[in-house]
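Summary of the model geometry
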Amino acid sequence: MTLVTLPGQDWVDAVGPVPGLELVVWEMDGPPERADEVKVVVPPYMGAGPRMPAIRYATSLELVQLLTAGYEDVQRLLPDGVALANAAGVHDASTAELAVALALASLRDLPAFHAAQQQGRWLPSAIHPALADKRVLILGYGSIGRAVAARLTPFEVQLTAVASRARAGDELVRSVHGVDELPSLLPEHDVVVVIVPLSDATAGLVDDAFLSAMPDGALLVNVARGGVVDTDALVRHLEAGRLRAALDVTDPEPLPEGHPLWSAPGVIISPHVGGASTAFMPRAVRLLREQLGAYAAGRPLRNLVRGA
């Protein structure tokens, strides 16, 4: 039996049994039992970063299967010969829901209503921007980007998709634009949803030039990674009252007390909870059953971001 570690007994109970594999618990808070036998490791979803150095204990390791879509902090810790797979697809529903929720909350000014409710004040009637008829640009048209597009379509918006390279469209968008087209596209859009992986190519992509190209009053929604946005530049645009922002991720993260982003006008901040909903567990369990079954049977694996 090949030894596979999962991050808790609830995961073992939900995923198993898998023919040919022995599933055991390892939360990566110290050396695992039978460390030299461990072939596959599934790290915890929450708080995995500080525990990842424990991967060195698994000296016979062949595969790390993440429960996150992001993998930039893990890849550099793996020894040569260890394959890495992410959880692409698992967080599509949760993250897309939050992107739409953040956009609606910002446009319809829900934070002001909540603040007034806490004070027992009935605000005067006013006309607030609707999501309907907005020109929405989705920057990052992978599986989550498509999930965002699918959820936005019923809101009667005009959708534009942007990816690293131009390509044909699908049932949701006529075409996918290349990132090199952003300077001409940004001035024509009211809402920009960012959902790209953090990489050398995307770090600081949303910089002062990017933000300056967005029209006055436009909304930036970031459900990607904080490092994709130049925080100082964003704060300047927010404080000038030129843009609004709805952010599930920030740089730095966690955002420290007293950081100017907390008090900048026109910003909503959620604490990186895009994938953390009840939709996560059943989708993650389905992925693990399929992936571990494929591993045990010697079939090709899904979502490989690094081969062995």
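Structural data are supplied above this passage.
Everything numeric in this text was worked out from a predicted model, so none of it was measured.

**Points about a negative patch on the surface**
The grouping of Asp10, Asp13, Glu27 and Asp29 at the surface amounts to a negative patch. Within the element layout of this structure, Glu27 appears in the loop between β2 (21-25) and β3 (38-41).

**As for the environment of Leu182**
Within the fold, Leu182 resides in helix α6 (residues 182-185). For Leu182, a relative accessible area of 4% puts it in the buried group. Taking the C-alpha atoms as reference points, Leu182 and Leu139, separated by 43 residues in sequence, lie 9.1 Å from one another.

**Describing the pattern of salt bridges**
Scanning the entire structure with this criterion turns up 9 salt bridges. The salt bridge involving Asp190 is made with Arg135; its shortest N-O contact spans 2.9 Å. Pair noted here: Asp190 is in the loop between α6 and β10 (191-194) and Arg135 is in strand β6 (residues 135-139), with a separation of 55 residues, a long-range link. Given a relative accessible area of 27%, Arg135 falls into the partly exposed group. Where Glu290 meets Arg302, a salt bridge forms, and the shortest distance between an N and an O atom there is 3.1 Å. Placement of Glu290 in helix α10 (residues 280-297) and of Arg302 in the loop between α10 and β14 (304-306) is noted, with a sequence separation of 12 residues between them. Here Arg302 falls in the partly exposed class, since its relative accessible area comes to 34%. Three or more residues joined by partner-sharing salt bridges are found here, namely Glu22, Arg34 and Glu37.

**Here's the deal with the sheet that holds β2**
On the basis of which strands lie adjacent, the open sheet formed by 6 strands has the order β2-β1-β3-β4-β5-β14 and mixed pairing. Unpaired on one side and paired on the other, β2 and β14 mark the two borders of the sheet. Across the sheet, the axes of successive neighbouring strands diverge by a mean angle of 30 degrees, strand direction being ignored. Pairing of strand β5 (residues 83-85) with β14, which is carried by 2 bridges, proceeds in the antiparallel orientation. The partner of Ala85 across the bridge, within β14, is Leu304.

**Considerations on empty space enclosed by the protein**
Counting across every chain of the model gives 1 cavity of 30 Å³ or more. Asn222, Gly226, Val229, Thr231, Leu234, Leu247, Val249, Thr250, Asp251 and Leu261 are the residues that line the largest cavity. Tallied by class, residues from the lining of the largest cavity come to 5 nonpolar, 4 polar and 1 charged.

**Concerning the nonpolar core**
Ranked by internal contacts, the top residues of the largest apolar core, which has 30 residues, are Val148, Leu152, Val193 and Val221. Of all the secondary-structure elements, those providing two or more residues to this core are α3 (92-107), β6, α5 (143-152), β7 (158-163), β10 and β11 (219-222). Element by element, the count of residues in this core is highest for α3, at 8 residues. Residue contacts for Val193: discarding those within four places in its chain leaves Ala99, Val136, Leu137, Ile138, Leu139, Val148, Val221 and Val223.

Conventions used here
- Residues numbered from 1 in each chain as written.
- Predicted model: local features only at pLDDT ≥ 70, side-chain atom pairs only at ≥ 80, totals over all residues.
- Heavy atoms only, no water.
- Patch = residues over 30% accessible without salt bridge, like charges linked within 9 Å, V, L, I, M, F, W, Y side chains within 5 Å.
- Areas by Shrake-Rupley, 256 points an atom, 1.4 Å probe, with all protein chains shown as cover.
- Salt bridge = Lys/Arg side-chain N within 4 Å of Asp/Glu carboxyl O.
- Lys, Arg positive; Asp, Glu negative; His and termini not counted.
- Charge placed at Lys NZ, Arg CZ, Asp CG, Glu CD.
- Helix = DSSP H or I, 4+ residues; strand = E, 2+ residues; numbered from the N terminus.
- Buried < 20%, exposed > 50% of the residue type's maximum accessible area, 1.4 Å probe, protein only.
- Pairing = 2+ DSSP bridges.
- Axes fitted to C-alpha atoms, helices over the stretch in contact; angles between N-to-C directions.
- 1 Å grid on protein atoms, 1.4 Å probe; cavity = no way out; pocket = protein on both sides within 12 Å on 5 of 7 lines; lining within 4 Å.
- Points joined across faces, edges and corners; volume = space filled by probe spheres on them.
- Nonpolar A, V, L, I, M, F, W, Y, C, P; charged D, E, K, R; others polar.
- Core = buried A, V, L, I, M, F, W, Y, C linked by side-chain atoms within 4.5 Å.
- Contact = heavy atoms within 4.5 Å.

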